[in-house]
Amino acid sequence: MDDDLQALRRMLPMPAERDIPAGRRHQREDHLMTSWLRMSKTSTAGRTRPSRRLALIAIPTAMGALAASYGMGLLPGLEQASEHVPAPPAIAQARTGSTGGAVQLLDRIAMVAATQPAPAVRDDQYIYAESLGSSWVTLQDSATPRSYLDKPHKRQIWTSADGSRPGRLDAKGDSDELPPHGMGSLNGPTYRYLESLPTDPDVLLKKIYADTRGAGPSPDEEAFVTIGDALREQAAPPQVSAALYKAAAKIPGVSVVPDAVDAAGRHGIAVAFVRADGERTEWIFNKKTLDFLGERSVVVKDTNWAKKGQVTSTDALLRRGIVDKPGQLPGAHVG
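Procedures and definitions
Residues numbered from 1 in each chain as written. Predicted model: local features only at pLDDT ≥ 70, side-chain atom pairs only at ≥ 80, totals over all residues. Heavy atoms only, no water. Helix = DSSP H or I, 4+ residues; strand = E, 2+ residues; numbered from the N terminus. Areas by Shrake-Rupley, 256 points an atom, 1.4 Å probe, with all protein chains shown as cover. Buried < 20%, exposed > 50% of the residue type's maximum accessible area, 1.4 Å probe, protein only. Pairing = 2+ DSSP bridges. Salt bridge = Lys/Arg side-chain N within 4 Å of Asp/Glu carboxyl O. Phe/Tyr/Trp six-rings, centres within 6.5 Å; stacked < 30°, edge-to-face > 60°. Axes fitted to C-alpha atoms, helices over the stretch in contact; angles between N-to-C directions. Parallel < 35°, antiparallel > 145°, perpendicular 65-115°, else oblique. Left-handed = near helix turned anticlockwise from the far one by under 90°. Contact = heavy atoms within 4.5 Å. Nonpolar A, V, L, I, M, F, W, Y, C, P; charged D, E, K, R; others polar.

Here's the deal with the overall build of the chain
Each helix and strand in the chain was counted, giving seven helices and 12 strands. Carbon and sulfur atoms make up 53% of the accessible area of the chain, which totals about 13,500 Å².

Spelled out as structure tokens, the structure:
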């Protein structure tokens, strides 16, 4: 139970000071929160695997601009997406040793991100993100524990632009208030925090390595996960997004997966990193536009809990924008 509390604490918004390890986060905040609530109410629910969940994924977005008014609408092709879209059971094989290809791909993604107009975000506004995702769950309600990828569910989150106001998280039928958490950090950023980051990729990557020193199985893995944390459900100035992608390109071990599928069933090309635990984290992008689609995590070798090729978490970013208050959707009029 203490381990679950610690996992939950890592997933919630963090204060400006980096007072706990960054940690791996492919189990998202809502999954850990709802799993913990289930555990508090019944003894039949076991622990979920700690991450990122993919932790939604999801990651930076080279997608279309956040409208300066109240954000963008659904991404192209998402009108038919359903939270009951089954997640794919397996993955395409990664091109091992394709660091050069990953560098080229991330450079192209960074170029797209840098061309997006900067959103106008007031301190009293909120960043809204809507996603579809599922995570790996283990239930210990019998003599033989059962593990499976849960059904995709919708998640909506509103986070304060400057961290001074309570946020809100809606997932799996529950609505929870998120406490104000100040400026934030790399692993739990606010818009204002991201705005403060250096836009020189070398300086930025040096900061990431310094701020995460001693956390995670390796500095490179922690740096890759941290970049995902920094932009997963947040908006960021275009030049900061571009710098984060370029910084990721400098991390040893980053590779390309030619075909990956997000939680909404959309195929794309992925930038990936194989973690020490034998899972590969994939950031999935549209092959033509290089818009960010989502993220997933896949087992790359047989383990005592899953077989090679098993998807253990998957997410799709459906919508993101700027709004005036929790509960409001992008484009909605405030009267």
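What about the pairing of strand β10 (residues 279-285)?
Within β10, seven of the seven residues are buried, leaving the element largely enclosed by the surrounding structure. Here β10 shows no split at all, with Glu279, Thr281, Trp283 and Phe285 on one side and Arg280, Glu282 and Ile284 on the other all buried. Of the strand pairs in this sheet, strand β9 (residues 267-274) and β10 are connected by six bridges, and their pairing is antiparallel. Each residue of the ladder has a partner; that of Val274, found in β10, is Arg280. Where β9 folds back onto β10 in an antiparallel hairpin, the turn is made up of four residues, including Gly278, whose phi is positive at roughly 90°. Bridge count for β10 against strand β11 (residues 292-299) is seven bridges, and the pairing is antiparallel. Considered in β11, the bridge of Trp283 is made with Glu295. The hairpin turn running from β10 into β11, its antiparallel successor, is six residues long, and Leu290 in that turn takes a positive phi close to 65°.

A short note on the pattern of salt bridges
As enumerated under the stated definition, the model contains 15 salt bridges in all. With its nearest N and O atoms 3.1 Å apart, the salt bridge here joins Arg192 to Glu195. Of this pair, Arg192 and Glu195 both sit in helix α4 (residues 191-195), three residues apart, which is roughly one turn of the helix. Judged by its relative accessible area of 17%, Arg192 falls in the buried class. Residue Glu195 is classed as partly exposed on the basis of its relative accessible area of 40%. Here Arg275 makes a salt bridge to Glu279, at a shortest N to O gap of 3.3 Å.

Here we look at the packing of aromatic side chains
Per the counting criterion, the structure on display carries six aromatic pairs. Aromatic side chains Tyr245 and Phe285 sit 5.9 Å apart centroid to centroid with 65° between the ring planes, which places their arrangement in the edge-to-face category. With a gap of 40 residues between them, Tyr245 in helix α7 (residues 238-249) and Phe285 in strand β10 connect regions that are remote in the sequence. Note on accessibility: Tyr245 and Phe285 belong to one class, buried. Each ring, one from Phe285 and one from Phe292, has its centre 5.7 Å from the other, and the planes form 70°; the classification is edge-to-face. The exposure class of Phe292 is buried, given its relative accessible area of 0%. In textbook terms, an aromatic cluster arises when at least three aromatic residues are bridged by ring pairs, as seen for Phe224, Phe273 and Trp283.

Quick look at the packing of helix α5 (residues 201-211) against helix α6 (residues 219-231)
Put simply, α5 and α6 touch, their axes get as near as 9 Å, and they point 110° apart. On the basis of the axis angle, α5 is roughly perpendicular to α6. Every pair of crossing elements has a handedness; the one defined by α5 and α6 is right-handed. Contacts between α5 and α6 involve Leu205, Ile208 and Tyr209 from the first element and Pro219, Asp220, Ala223, Thr226 and Ile227 from the second. Of the residues contributing to the contact of α5 with α6, the split by class is six nonpolar, one polar and one charged.

Read these as geometric descriptors, not functional statements.
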